[in-house]
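Per-entry structural report
Listed below, chain by chain, are the residues.
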Amino acid sequence: MSESLVVCEVDEDLVKKLRDFRFRKETNNAAIIMKIDKDKQLVILEEEYEDISPEDLKNELPERQPRFLVYSYKYQHDDGRVSYPLCFIFSSPVGCKPEQQMMYAGSKNKLVQTVELTKVFEIRNTEDLTEEWLREKLGFFR
């Protein structure tokens, strides 16, 4: 009747890289993009970026394939404070293959728990990933 939900493991090297990323000292925006290796059923590193804006980041995402990303964002609060929230963004564009979508959706929670993130967002269109969108989402965490 329904296909069983596939939950992929997270590559050990990626787990270490994500933990290091969490405690990075740099104050610029940075991102780690991850994808699923379908054959190994493993979440793996696709690419790392330093000093990348949300607008540039969206150009790095495939338009028809899901991706996970962890984004360290320099957030200037209205009161002048600066923080560096770590955001988990699940890019699941409309038009993805259903099997791909299910594999990513099934693995998302395990990945979020593994990297212990609380700011978890989803986009259905890569064009939605803008500074304005991110600031709006982060506004709920004040």
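The following refers to the structure shown. (Residues numbered from 1 in each chain as written. Predicted model: local features only at pLDDT ≥ 70, side-chain atom pairs only at ≥ 80, totals over all residues. Heavy atoms only, no water.)

**Here's the deal with the packing of aromatic side chains**
Summed over all chains, the structure comprises six aromatic pairs. Here the aromatic residues Phe 68, Phe 88, Phe 90 and Tyr 104 are joined through ring pairs into a cluster of three or more. (Phe/Tyr/Trp six-rings, centres within 6.5 Å; stacked < 30°, edge-to-face > 60°.)

**Regarding the packing of helix α1 (residues 12-22) against helix α3 (residues 98-115)**
Where α1 contacts α3, the two axes come as close as 10 Å, and the packing angle between them is 55 degrees. Regarding the angle of α1 to α3, the classification is oblique. Each of Val 15, Leu 18, Arg 19 and Arg 22 in α1 lies in contact with α3, whose residues at this interface are Leu 111, Thr 114 and Val 115. A class-by-class count of the residues in the contact of α1 with α3 yields four nonpolar, one polar and two charged. (Axes fitted to C-alpha atoms, helices over the stretch in contact; angles between N-to-C directions. Helix = DSSP H or I, 4+ residues; strand = E, 2+ residues; numbered from the N terminus. Parallel < 35°, antiparallel > 145°, perpendicular 65-115°, else oblique. Contact = heavy atoms within 4.5 Å. Nonpolar A, V, L, I, M, F, W, Y, C, P; charged D, E, K, R; others polar.)

**Quick notes on unusual backbone geometry**
Backbone geometry at Asp 51 places phi at a positive 55 degrees, although glycine is not the residue there. Note that Asp 51 resides in the loop between β3 (42-50) and α2 (54-60). For Glu 116, which is not glycine, the phi torsion reads 55 degrees and is therefore positive. Its place among the elements puts Glu 116 in the loop between α3 and β8 (119-123).

**Things to note about the nonpolar core**
Looking at soluble globular proteins, one finds that nonpolar side chains tend to be buried together. Within the largest apolar cluster, 22 residues are counted, with the highest numbers of intra-cluster contacts made by Leu 18, Met 34, Val 43, Phe 68, Val 70, Phe 88 and Leu 111. Elements with a contribution of two residues or more to this core: α1, β2 (30-37), β4 (67-72), β7 (86-91) and α3. Those residues within four positions of Val 43 in sequence are excluded, and the remaining contacts are Cys 8, Glu 9, Val 10, Asp 11, Leu 14, Met 34, Lys 35, Ile 36, Phe 68 and Leu 111. With 18 residues, the next largest nonpolar core counts Leu 57, Cys 87, Ile 89 and Leu 138 among its residues. (Core = buried A, V, L, I, M, F, W, Y, C linked by side-chain atoms within 4.5 Å. Buried < 20%, exposed > 50% of the residue type's maximum accessible area, 1.4 Å probe, protein only.)

**Re the pattern of salt bridges**
Side chains carrying opposite charge are able to pair once their charged atoms draw close together. Counted according to the given criterion, the structure contains twelve salt bridges. With a shortest N-O distance of 2.9 Å, Glu 46 and Arg 67 are connected by a salt bridge. Here Arg 67 lies in strand β4 and Glu 46 lies in strand β3, a separation of 21 residues in the sequence. The exposure class of Glu 46 is partly exposed, given its relative accessible area of 28%. The partner of Arg 81 in a salt bridge is Asp 79, and the shortest N-O contact between them spans 2.8 Å. What makes Arg 81 partly exposed here is its relative accessible area of 47%. The network of salt bridges with common partners includes Arg 24, Glu 26 and Glu 50. (Salt bridge = Lys/Arg side-chain N within 4 Å of Asp/Glu carboxyl O.)

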